[in-house]
Amino acid sequence: MPARTSRSSAHIKLKWAAWLQLVQGVLMEGLPFLGLFVLLALDVDAGMLSRGFSFIVPFFDDHLYLMMAISGVFAALRVVGAVGVLRNRMWGYSLSVINCSVTIALMIFMLPAGILDGLLSGTALVLLLMARHASAPILEQR
């Protein structure tokens with residue numbers, strides 16, 4: 001019976017991690033990408049945007065449209081990885097671990113928005129790793 005409990009616990013952790021990744025991909029990364037098309041259609045000056053929204057790195061402020069375009073790439077990768085996890089596919093798990101790791105490494109440059117990115121990706125990463133390796137010992141007992 002304990003094996004079944006740990007298996008169902010792993011499934012719950014994987015589902016939570018996948019849903020966190022979906023929320024992050026759609027809302028935090030997908031919406032800015034879609035907003036790019038709206039801003040371009042309305043011919044909004046990117047310089048005007050940088051006055052109301054800023055990152056800790058000035059380069060990002062000066063290139064908000066490029067940041068929004070790159071956000072679409074991250075959104076697509078994150079959503080595809082999350083769908084793979086929900087379908088119990090190892091490639092989805094691996095892609096999601098990579099996505100979370102990259103986000104955690106980059107979040108410092110994306111402050112203040114990086115704080116929420118880090119919380120979502122960090123939580124998802126912990127859940128992914130716990131689901132996969134929860135009962136595995138680091139070293140074998142002698």
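If you're wondering where the values come from, they're calculated on a predicted model, not measured in any experiment.

Participant: How do you make sense of the overall build of the protein chain when you look at a structure like this?
Facilitator: Counting its regular elements, the protein chain contains six helices and zero strands. Across the 142 residues of the protein chain, 35% fall into the buried class. A separation threshold of at least 6 residues defines the contact pool for the protein chain, and within that pool the share at least 24 residues apart is 72%. Looking at charge distribution, the protein chain has the averaged site of its 10 positive side-chain charges lying 26 Å from that of its 7 negative ones.

Participant: So what exactly am I meant to see when it comes to the nonpolar core here?
Facilitator: In summary, soluble globular proteins display a tendency toward joint burial of nonpolar side chains. If you look at the biggest cluster of nonpolar residues, it comprises 17 residues, and the most contacted ones within it are Leu 14 and Leu 128. The set of elements that each furnish at least two residues to this core consists of helix H1 (2–41), helix H4 (64–86), helix H5 (90–106) and helix H6 (113–133). Beyond its immediate stretch of four places on either side in the chain, Leu 14 contacts Val 85, Tyr 93, Leu 128 and Ala 131.

Participant: Is there a simple way to think about the side chain of Glu 29 in this case?
Facilitator: Within the secondary structure, Glu 29 is located in helix H1. Here the side chain of Glu 29 touches Arg 78 through a polar contact of 3.0 Å, side chain to side chain. Discounting chain neighbours no more than four positions away, the residues touching Glu 29 are Gln 24, Ser 71, Gly 72, Phe 74, Ala 75, Arg 78 and Asp 117.

Participant: I keep staring at H6 and nothing clicks. Help me out?
Facilitator: The periodicity of an α-helix, 3.6 residues per turn, causes residues three or four places apart in sequence to face the same way. The terminal C-alpha atoms of H6, which comprises 21 residues, lie 30 Å apart, in line with the 30 Å expected from a rise of 1.5 Å per residue. Turning to H6, its buried residues number three or more, namely Gly 114, Asp 117, Gly 118, Leu 120, Ser 121, Gly 122, Ala 124, Leu 125, Leu 127, Leu 128 and Ala 131.

Participant: Mind showing me how you'd approach the packing of H5 against H6 here?
Facilitator: Two measures define how a pair of helices packs: the angle their axes make with one another and the distance between the axes. Between H5 and H6, the least distance of the axes is 9 Å, while the angle of their chain directions is 140°. When the axes of H5 and H6 are compared, the pair comes out oblique. Judged by the sense of rotation from one axis to the other, the crossing of H5 with H6 is left-handed. Where H5 abuts H6, its residues Met 90, Tyr 93, Ser 96, Val 97, Cys 100, Ser 101, Thr 103 and Ile 104 lie against Asp 117, Ser 121, Gly 122, Ala 124, Leu 125, Leu 128, Leu 129, Arg 132 and His 133. For the contact of H5 with H6, the class distribution of residues is nine nonpolar, six polar and two charged.

Participant: Could you clarify how one ought to interpret the packing of aromatic side chains in this entry?
Facilitator: What characterises a pair of aromatic rings is the spacing of the ring centres plus the angle enclosed by the ring planes. In the structure shown here, the tally under the stated rule is one aromatic pair. Centroid distance Phe 33 to Phe 37: 5.1 Å. Interplanar angle 85°. Geometry classified as edge-to-face. Of this pair, Phe 33 and Phe 37 both sit in helix H1, separated by four residues, roughly a single helical turn. A residue is classified by how much of its surface remains accessible, and Phe 33, at 27% relative accessible area, is partly exposed.

Participant: When you look at the packing of H4 against H5 in this model, what are you seeing that I'm missing?
Facilitator: Relative to each other, H4 and H5 sit at 140°, their axes nearing to 7 Å. Here H4 is positioned oblique relative to H5, judged by the angle of their axes. Of the two elements, H4 crosses H5, and the hand of that crossing is left-handed. Only Trp 91, Gly 92, Tyr 93, Leu 95, Ser 96, Asn 99, Cys 100, Val 102, Thr 103 and Leu 106 of H5 make contact with H4, whose side of the interface consists of Phe 74, Leu 77, Arg 78, Val 80, Gly 81, Ala 82, Gly 84 and Val 85. Its residues assigned to classes, the contact of H4 with H5 shows eleven nonpolar, six polar and one charged.

Participant: How should I be thinking about the pattern of salt bridges in this particular structure?
Facilitator: On inspection of all chains with the given rule, the structure shows one salt bridge. Between Arg 78 and Glu 29 there is a salt bridge, with its nearest N and O atoms 3.0 Å apart. You can see Arg 78 sitting in helix H4 and its partner Glu 29 sitting in helix H1, a full 49 residues away along the chain. Summarising the burial analysis for this pair, Arg 78 and Glu 29 share the class buried.

Parameters and conventions
Residues numbered from 1 in each chain as written. Predicted model: local features only at pLDDT ≥ 70, side-chain atom pairs only at ≥ 80, totals over all residues. Heavy atoms only, no water. Helix = DSSP H or I, 4+ residues; strand = E, 2+ residues; numbered from the N terminus. Buried < 20%, exposed > 50% of the residue type's maximum accessible area, 1.4 Å probe, protein only. Contact = heavy atoms within 4.5 Å. Lys, Arg positive; Asp, Glu negative; His and termini not counted. Charge placed at Lys NZ, Arg CZ, Asp CG, Glu CD. Core = buried A, V, L, I, M, F, W, Y, C linked by side-chain atoms within 4.5 Å. Polar contact = N/O pair within 3.5 Å; in protein donor to acceptor, adjacent residues only side chain to side chain. Expected span 1.5 Å × (residues − 1). Axes fitted to C-alpha atoms, helices over the stretch in contact; angles between N-to-C directions. Parallel < 35°, antiparallel > 145°, perpendicular 65-115°, else oblique. Left-handed = near helix turned anticlockwise from the far one by under 90°. Nonpolar A, V, L, I, M, F, W, Y, C, P; charged D, E, K, R; others polar. Phe/Tyr/Trp six-rings, centres within 6.5 Å; stacked < 30°, edge-to-face > 60°. Salt bridge = Lys/Arg side-chain N within 4 Å of Asp/Glu carboxyl O.

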